[in-house]
Amino acid sequence: QVQLVESGGGLVQAGGSLELSCAGSGRTGTYTMGWFRPAPGKARAFVVAIRPIGSTTYYADPVKGRFTISRNNAKNTVYLFMNRLKPEDTAVYYCAADRSSYSGRYQSPNEYDYWGQGTQVTVSS
């Protein structure tokens with residue numbers, strides 16, 4: 001059983017930056033890792049994902065060019081650097097792990113097997 005623990009959330013002014021971390025208790029180095037947040041009509045909307053090998057990344061349109069996902073497989077940790085934050089980025093951010101590694105459904109929360117408890121990000125205007 002893999003456990004994921006997010007950290008790094010907090011309060012930041014619009015235009016500022018934050019970096020979230022997601023530490024896995026098991027061997028998440030072979031899993032696709034994703035970040036999700038709530039959106040209107042969705043409990044968990046896709047934000048970004050990263051493959052285990054080669055570190056191919058995918059971004060939702062609202063965060064392209066502002067957010068960067070990276071990983072350190074030796075530490076079983078994934079990072080989400082969020083830049084030029086906007087008030088609409090305010091949300092609880094959830095880290096997730098997909099054991100299937102190369103599923104084409106990386107944007108679907110149903111594809112992920114393990115979830116963290118979430119970390120709050122609040123962006124003030």
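Here, the structure is the one placed above.
A brief report on the enclosed structure follows. Keep in mind it's a predicted model, so treat the numbers as computed, not measured.

## Thoughts on the environment of Ala91
- Within the secondary structure, Ala91 sits in strand S9 (residues 91–98).
- The buried category is assigned to Ala91, whose relative accessible area is 8%.
- With 30 residues separating them along the chain, Ala91 and Val121 place their C-alpha atoms 5.5 Å apart.
- Apart from the residues within four sequence positions on either side, Ala91 is in contact with Arg37, Pro38, Thr119, Gln120 and Val121.

## Quick word on unusual backbone geometry
- Of note, the phi angle at Asn76 is positive, near 50°, even though the residue is not glycine.
- Mapped onto the elements of the fold, Asn76 is located in the loop between strand S7 (67–72) and strand S8 (77–82).
- The phi torsion at Arg84 lies on the positive side, around 50°, for a residue other than glycine.
- Within the fold, Arg84 resides in the loop between S8 and S9.

## A closer look at the sheet that holds strand S3 (residues 18–24)
- An order of S1-S3-S8-S7 is seen for the four strands of this open sheet, with the pairing classed as antiparallel. With one partner strand each, in any of the chains shown, strand S1 (4–7) and S7 form the two edges of the open sheet. Each adjacent strand pair in this sheet contributes to an overall mean axis angle of 15°, direction not counted.
- Judged from the four bridges that link them, S1 and S3 form a sheet pairing that is antiparallel. Across the sheet, the residue bridging to Val5 is Ala23, located in S3.

## Concerning the packing of aromatic side chains
- For the structure shown, the criterion picks out seven aromatic pairs.
- Put simply, the rings of Phe36, Phe46, Tyr58, Tyr106, Tyr112 and Trp115 pair up and form one aromatic cluster.
- The lysine or arginine in question, Arg44, covers the ring of Tyr94, its NZ or CZ lying 3.7 Å from the ring centre.
- A cation over a ring is seen here: Arg44 above Trp115, with NZ or CZ 4.7 Å from the ring centre.

## Here's the deal with the layout of surface pockets
- In this structure, the largest pocket spans a volume of roughly 220 Å³.
- Taken together, 16 residues make up the lining of the largest pocket; nearest its centre are Arg37, Ala39, Ala45, Phe46 and Ala60.
- Counting only elements with at least two residues in the lining of the largest pocket, the list comes to strand S4 (32–39) and strand S5 (42–50).
- Looking at which element gives the most residues to the lining of the largest pocket, the answer is S5, with five residues.

## Here's the deal with the environment of Ser17
- Checked against the element boundaries, Ser17 lands in the loop between strand S2 (10–13) and S3.
- Judged by its relative accessible area of 33%, Ser17 is partly exposed.
- For Ser17 and Pro87, which are 70 residues apart along the polypeptide, the C-alpha to C-alpha distance reads 12 Å.
- Contact partners of Ser17, with chain neighbours within four places excluded, come to Val12, Phe81, Met82, Asn83, Arg84 and Leu85.
- At a separation of 2.7 Å, a polar atom in the side chain of Ser17 contacts the side chain of Asn83.

Thresholds applied
Residues numbered from 1 in each chain as written. Predicted model: local features only at pLDDT ≥ 70, side-chain atom pairs only at ≥ 80, totals over all residues. Heavy atoms only, no water. Helix = DSSP H or I, 4+ residues; strand = E, 2+ residues; numbered from the N terminus. Buried < 20%, exposed > 50% of the residue type's maximum accessible area, 1.4 Å probe, protein only. Contact = heavy atoms within 4.5 Å. Pairing = 2+ DSSP bridges. Axes fitted to C-alpha atoms, helices over the stretch in contact; angles between N-to-C directions. Phe/Tyr/Trp six-rings, centres within 6.5 Å; stacked < 30°, edge-to-face > 60°. Lys NZ or Arg CZ within 6 Å of the ring centre and 35° of its normal. 1 Å grid on protein atoms, 1.4 Å probe; cavity = no way out; pocket = protein on both sides within 12 Å on 5 of 7 lines; lining within 4 Å. Points joined across faces, edges and corners; volume = space filled by probe spheres on them. Polar contact = N/O pair within 3.5 Å; in protein donor to acceptor, adjacent residues only side chain to side chain.

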